[in-house]
Amino acid sequence: MTIPARALALLLAAALAGAQEPALRWSGVLGQSQPPEAAPLPWLEATGVAVDGAGRLWCGAADGLTSFALEGEEVPAAGVRIPLAGGIAALHGDGEGLIAVAGDGGVWRCDGTELLRVGTLPRALPVAVRRRSDHRGWARHGLLLALDGNRVLALGEDGRTVQLHELPPPPAGSAYTAIGLDPADGALVVARGWPHPALLRLGPEGTPCLGDGWPREGLAELLASDGVALWALGGGRFTRLAANLSATRAGQGTAWPWGLYARGAARDQFGRWWIAGTQGVVRLGQGGRLDLRLGGIGAIASLAAAPDGTLVALAQDAGRLLRLDIAADPAAPLACAANEPWRVGGNWQARAAALAWDGQGFLVAERGAARLWRFDPWHTGWRESTWLPAEGEPLPAGTTALAASPRWRWTIADGRLAASPAAVAGTTEAVQQPRLLAMADDRMVLVADRDGLLAIDQAEGQARPRWRRRTTANLLAAQAGIAATCSPDGRLEIWHTRDGEPCGSLDLDTVPGGCRPTALALWRSWVLVADGRGQRVLRFRIRI
Amino acid sequence: MRPLLPALLLGLLTAAEPATTAVILSGSTSKPERNVFIAGEAVTLRFEVRGLPPGREADPLQLDIVDEDDRAVASQRLPVRADADGGWSASVPAPAGRLGFYRARVRLGAATLPRLVSRPAGYLTYAVVGDPATRPLLPPGESLFGLQGSTWPGLAACLGFRWTLANFRWGELAGKRPEGFPARRDEAIAAGRRLPATRPADLLPDGRPWTLYPIATRIVQVDPAWKVLAPGTEAHGHGRLTAEGEELFAAHCRSLAAAWAADERDLPEHLYEVTWEPVHPWGFKGEPQDLARVYAIAHRELHAGDARARVIGPCLADAPVVADYERLHAHRLFDHVDGISFHPYIALPPEPNGLVERMRALRTWMRDRLGRELPLYATEQGYSTGEQEAKELLQAQGLVRGQLIMIGEGCRLSFGFYTHDYIMGNERGYGYQYNLDPRQNWNPAVTGPKPVLPAFAAMTRLIDGHRPVQAIDWLGDTAMGYAYQRGEQVVLALWDWGGRPRPVDLPMAGPAVQVHDWMGNPRPAALRDGLLHLDLGPAPLYVTGVPARLWGAGALRPLTPAATRVDGFPGAPLTIAAELHSDPDAGLEGVLTLVPDPALGLAPVERSLRLAPGQRSRIDLELGLPIAAEPGPHPLNLLLTVQGRVVAGAGVLLTVRAPVVVAAVGSTFADGTAALQVTLQERQGRPAQGRVQLVVAGVPEGRLEAPFTLAAGATGRVLLRPAAALDVDALRTYRCSVAVLREGLPALRSEHALCFARAARLPRPPVHDGRLGGWEAVPAWNLHGRSWAVRKPERCRGRDDLAVSLRYGWDAQHLHLAAVVRDDAHCQPYDGFPTWKADCLQIAIDLDAGRSIELTGNELIDAGRRARVTEIDFALTPLGPQAYRTVSCRPALPAGLIPPTDLPLAITRTALTGGGVELVYEASIPWRLLGGEAPRAGDEIGIAGTVNDIDEAAEQEPWALGWFTLKDPARFGRLVLAP
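Positions within a chain are numbered from 1, following the residues in the order the chain's sequence is written. By the order in which they are written, chains take letters starting at A while ligands take numbers starting at 1. Given that this is a predicted model, residues contribute local features only at a pLDDT of at least 70 and side-chain atom pairs are listed and counted only at 80 or more, while totals for whole chains, interfaces and linings are drawn from all residues. Water and hydrogen atoms were dropped before computing side-chain values, which therefore reflect all heavy atoms in the structure.

Visitor: Outline helix 5 (residues 243-263) of chain B, supporting the account with residue identities and numerical values.
Guide: Every α-helix carries 3.6 residues per turn, so stepping three or four residues along brings you back to the same face. All names here are of chain B. What counts as a helix is a DSSP run of H or I of at least four residues, what counts as a strand is a run of E of at least two, and both are numbered from the N terminus. Here, expected helix span is obtained from the residue count minus one, scaled by 1.5 Å. Across its 21 residues, helix 5 extends 30 Å between first and last C-alpha, which sits within 8% of the 30 Å expected from 1.5 Å per residue. Accessibility here uses a 1.4 Å probe with only protein chains present; expressed as a share of the type maximum, an area under 20% marks a residue as buried, one over 50% as exposed, and anything in between as partly exposed. Buried within helix 5 are the following residues: Gly245, Glu246, Leu248, Phe249, Ala250, His252, Cys253, Leu256, Ala257, Ala259 and Trp260. Contact partners of the buried residues in helix 5: helix 3 (170-173), helix 4 (181-190), strand 14 (213-217), strand 15 (270-273) and helix 6 (288-305). Contacts are residue-level and defined by heavy atoms, with any inter-residue pair within 4.5 Å sufficient.

In structure tokens:
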């Protein structure tokens, strides 16, 4: 990645300052694959991916289409962006251009510069798109085939939709979930989901294949064509679906974690697979591992860091938890052990009010429910306990802030500060309209209130103010020895916690691409700032 | 027609029929409890019907008997006339002339046989197997097959398996207390019972015993109520043993071994499988080193108590994945087993899912990493049909082929799973038999066979007692098989899993050759021109009477590679040489083809040949490896084709080596500043240049890069200097990935461990004054809090409970150590060896970190060659400061108290205002006391340590803060001696 001009200027200024490293300097970006000064990718999740006839990669998401030029191993930067109201539900290449299915079932053709509506499906359905030049077998029926329950529909060039075929009713509890066209001979392949997963093949003339390994037991999340063959993504592998399936060996291996909910896949001219899903668009690289991610992380409500460098962020209106590695490259895939996306308490409707690291694990306060959870991002697999009710006293109703250590929990609820175990004396009068909390260590909690920043020493049954600083903070973070704040005017400041003396500051506007801070965390010698403008996390080095 | 009319018509039709009770159809064979017949026994089917209109003719009973492939065997239509009670019954003879599986589909009008427990509706089944009385009694060392599950008298004999699993679960043998086994054994003996108990012999039809051989399993599985496992680590009876748990387990193993040795005097080996599927997290929640510790104890004690003990494990739950074994090997688990046991579960069919490759990868791994191949024991392998008839054929073919692969790839024995269907959670349909007993989920009184049962019986009859000679994997991309030999008898097992029949021709001779189908039915083999023609499919074919001179271990092979393992480099030419040898009675004219691994992207290479009778010839085949050839193993196949038919084949394993490899990665100093160093070796014999890229995982700004140039065959060091000091902990091990980048060549990547700990060179020996005199310029490393807790972390109560500030220094004579420990309560009631149980400093040093040391097995020689690992405990005891060596590397440096004249030591204690104490440990350890001499700047040593803490003498075990992994030299950190 080239170093942007503004960053160079920052480094040069630091060098000219006499080689004395500043107390705070910008270090890098997490979670946003676009270069720092470029317009960010606004999506965390992607709904489709395709490669057009010119070899460009296209990603579909809630905002529309974005193109990328693929050049070797470099992280591709976004090129053309074509908005589409309602967002993209599916995206496929047809050998020359693209076919996109919108959220309302509209079908659009794109030749690289604009979208042209070519038809309408009953709703956003799984589809298989034929190569533009291919009219063999099932491909002769139209520019795409769609799966509507048990029905196979075709969308003709005239924009009309007709029913071609009715599949046999699946076993109770199962449904057909994916459809694919085999570019080798025009056969149709249909995938059936849990609890009776299987792949069925209908020959070019429509007859079901009942030999050569068909129908085949097994789960396929996705069927994708690379223009030469049809592939199934399932069970962590890409498997090439040859006509004689029984001779097919185990497919290209991946480190594909379960539950990334793949929505689309495309293969580029270098033979690499790109997969769209809950992590944006990820690339399957050398050795069968995910090695690159295109996307941003949206607006982050809160950040917390564990000693091993795991950074957990609340995204998507604090309903989804992300895991990043503090040392990762900007375009690194999000860290995931299994079964992403992770929802608060495992509940897709729940939202978090606060997130904190308590010295032992991550705590998540559930908004409106007075529930406190332990979240284990390192154990998210089958039969593992990702979410456990946190031990200890119940959370106050209306909690909006949380700070914790192995022995203490402090909360702000309905404008009141409280501690568990209860801490008395000296705090009630000192704290006025508390808003933010951070735990420096097991002995000190910091509170941002109406009058500034207050440090409170805590001991068994006693809490005493230690120092106060006049400052206005929107965001607050602390660890042993250091605290950090962001002010409304975009100033990042760091403070010694022993006496509240400031020890460094930086104007966030000087960061390439600017910054609209939305969350803050500290980890060792680093400050992490969530940037709502750049849809990313910024990393700063502390040297004091 | 208006919609109303069909409804009216329907109503009229139904109204015309008299009201009837439901027709109930039932059927059974003449062996209704088990439905398994021995060849030569007559089979009768009996059917009963109830609920018919009394006294009237009914629909005839349609009986269609088919085989496992649903091919028709016999059909019959029986007239049915109900008696006065509406019932009818009949018995008919059923076909049983061939060994195998029979499915009798029965229908009477709309009625059919109802579903019976796990057997779907519509049919009953029976099987015909060979006479078990004709099977030889094979000793344990030659018997290959076992089957898990409850049995009925004669089942083991009919199926031909002798191995069984005996449940020696600690939790069950010992009862309510972990030490309870000896007393319970005495009670059992007094009552005339055996404890531990193993399965009694099965019975042949004539009443003679069918000997069974037990494997004792689940040795360590505890009763969770005992509290011998560390909290949070228990699953499925496995976990990290507490210190007390280790002692109890050791005692139990000793007692158990002595007991079984006394009970089983006839067995030449006693197999102990210590764990059962200890898979994280559902089968075991501890760490790999905890598992290794279990095996270390079990191996020591079982061998001590039983001279015939063979400890096997760890019994992982799937077909081998080398990475899983490597993780355990990192903690030396395989030093404590005599064999590897596992449950090779894999999706069926096994071949395209990689079962063969995984087995071969495991054996390669053992040779490379353990230096030897341990015996392999496959103690469970099964497949669930979900109680669906449509999956029974796959179950039978897949499991039988899986067994043949296990034995063919060298397993010592192989178990199937399970004898009968049962319901447990979502598990249904694993059985080799249907469960037909509605009252019993386990040990049913009534069972019926599935296709896998007679197929398994045929396989054991033909293969048991044989050992694999060679894999036959050159007949086609989906064809394979093995040759097995017992004495002068050779049996071939062959199949094709590709879904289409594959014709093959095999060199063959002799009048005794027979081909058996997979149920064991033989037919004479027709040979033509010295070849046996077979049409291979998914059901194995067996060829018996095979001449050993053609297919046995000492056979004269027409094709032999000059080397079965070769090395190559990307972009370099490669020569594969093959020796050809024609039969003394016939010449040889054909084509030799070299088929490379498809991953290399190379076309096959062919060479025509002609040999006179008895002639030998060597042929060289040339390959040019592509530049992009991936380093690692690549199979090459050699095929000899005569008149278009493959008549011989062989395999060569090509290992593509990286031309430049990373030999070492570590910390160093350059011009007095800290840097990282990558040592490269050029192996291809050509000059090389490029860039080295190093990324320290988890460290921001931890990506470093530098150019390199290497002469041919040279070793060179590349310095990488970070622009700013890396934000790392000196007392942690980091992973780093290193990429060697050269233009036009694929990147070569490797992973390494990296430490950043440096010991300062002290200009003068420090003064042991409790005030850290002499350490002023040395930065301290601070440890506190749960993230540094390495033992019982749940007891850590934060910095106020325990905090450590640690320093290492060195000079030509000593390794110096200073530690300031703040503790809320100092408690050390012991002296001598037990000081580790209370407040102390445990320090380990390895002077040979990173060096490979070869042991000879001769204890006298090896005593002076072992790695110089020392562990010393420092404690302020009631008798004053003590240094106690607990781990010694040399007989001349024995374990025990180290006098202060040999090791200067001071430990001072100061009470802190506000509570708690501060202890200052200052020690100077002479290098000679560690088995070494004066080191040099830049040398690396291995280190680890803990600070142990209790607050009251009554606490049985300490918790501890620690750095790196004490007790495991393979996971020590590296301390660089700074200049």
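From this point on, the discussion continues.
Visitor: Quick one: what's the story with the confidence of the model for chain B, residue by residue and with numbers?
Guide: Residue and element names in this part refer to chain B. Averaged over every residue, the pLDDT of chain B is 91; residues scoring 70 or more account for 96%. Scored from 0 to 100, pLDDT records how confident the predictor is in each individual residue. For residues 1-19, every residue scores under 50 in pLDDT, and the model assigns this stretch one contact once sequence neighbours within four places are set aside. The complex model carries a pTM of 0.74, and its ipTM stands at 0.86.

Visitor: Give me the lowdown on the pattern of salt bridges, citing residues and values where you can.
Guide: All names here are of chain B. Should a side-chain nitrogen of Lys or Arg be within 4 Å of a carboxyl oxygen of Asp or Glu, the pair is scored as a salt bridge. Taken as a whole, this structure holds 88 salt bridges over all chains when the rule is applied. As a salt-bridge pair, Arg177 and Glu179 come within 3.1 Å of each other at their nearest N and O atoms. Exposure remark for Glu179: the relative accessible area of 41% places this residue in the partly exposed category. Residue Glu589 is joined to Arg610 by a salt bridge in which the shortest nitrogen-to-oxygen separation is 3.2 Å. Note that Glu589 is positioned in strand 34 (residues 588-595) and Arg610 in strand 35 (residues 605-611), a separation of 21 residues in sequence. You can call Arg610 exposed: its relative accessible area is 64%. Bridged by salt links that share partners, the residues Asp70, Arg103, Arg105, Glu389 and Glu392 form one connected network.

Visitor: Lay out the nonpolar core in plain terms, naming residues and giving numbers.
Guide: Within soluble globular proteins, side chains that are nonpolar generally end up buried alongside one another. Residues and elements named next belong to chain B. Nonpolar cores are built from buried Ala, Val, Leu, Ile, Met, Phe, Trp, Tyr and Cys residues. Side-chain atoms within 4.5 Å join them into one set. Counting 103 residues, the largest nonpolar core has Phe249, Phe334 and Ile463 as the members making the most contacts within it. Setting aside its immediate chain neighbours within four residues, Ile463 contacts Leu144, Phe145, Leu404, Tyr484, Val491 and Tyr542. Membership of the second largest hydrophobic core comes to 53 residues, among which are Leu847, Phe874, Leu876 and Leu905.

Visitor: Talk me through the packing of aromatic side chains; I want residue IDs and the actual numbers.
Guide: What counts as a ring pair is set by centres within 6.5 Å for rings of Phe, Tyr and Trp (its six-membered ring), and what kind of pair is set by the plane angle: stacked under 30 degrees, edge-to-face over 60, tilted for all other angles. By the definition in use, this model includes 33 aromatic pairs over all chains. Each member of the aromatic cluster is reached from another via a ring pair, and the members are Phe417, Tyr418, Tyr422, Tyr430 and Trp442 of chain B. Above the face of the Trp348 of chain A ring, Arg343 of chain A is positioned so that its terminal group lies 4.4 Å from the ring centre. Seen from the ring of Trp526 of chain A, Arg539 of chain A lies directly overhead, with NZ or CZ sitting 5.7 Å from the centre. Whether a charge lies above a ring is judged from NZ of Lys or CZ of Arg, which has to be within 6 Å of the ring centre and within 35 degrees of the ring normal.

Visitor: Give me the lowdown on the sheet that holds strand 23 (residues 273-277) of chain A, citing residues and values where you can.
Guide: All names here are of chain A. Spatially, four strands are ordered 22-23-24-25 in an open sheet, and the strand pairing comes out antiparallel. Both edges of this open sheet fall to strand 22 (264-267) and strand 25 (290-294), since each of them pairs with a single strand only. Between one strand axis and the next, the sheet turns by 25° as a mean value, whatever way the strands run. As judged from the four bridges shared by strand 22 and strand 23, these two strands associate in the antiparallel manner. Note on strand 23: the bridge partner recorded for Ala266 is Trp274. DSSP bridges decide pairing: two strands pair if at least two such bridges lie between them. Here an axis means a line fitted to C-alpha atoms, over the contact stretch when the element is a helix, while the angle between two N-to-C directions is reported on a 0 to 180 degree scale.

Visitor: Please provide a residue-by-residue account of the pairing of strand 3 (residues 43-50) of chain B, values included.
Guide: When a strand is regular, its side chains alternate between the sheet's two faces. Residue and element names in this part refer to chain B. Burial along strand 3 is one-sided: Val43, Leu45, Phe47 and Val49 are buried, while Thr44, Arg46, Glu48 and Arg50, pointing the other way, are not. Note that strand 1 (residues 24-29) and strand 3 share six bridges and pair antiparallel. Following the sheet pairing, Gly27 is matched in strand 3 by Phe47. Pairing between strand 3 and strand 6 (residues 88-94): seven bridges, direction antiparallel. Residue Leu45 lies in a different strand from strand 6, and its bridge partner there is Val92.

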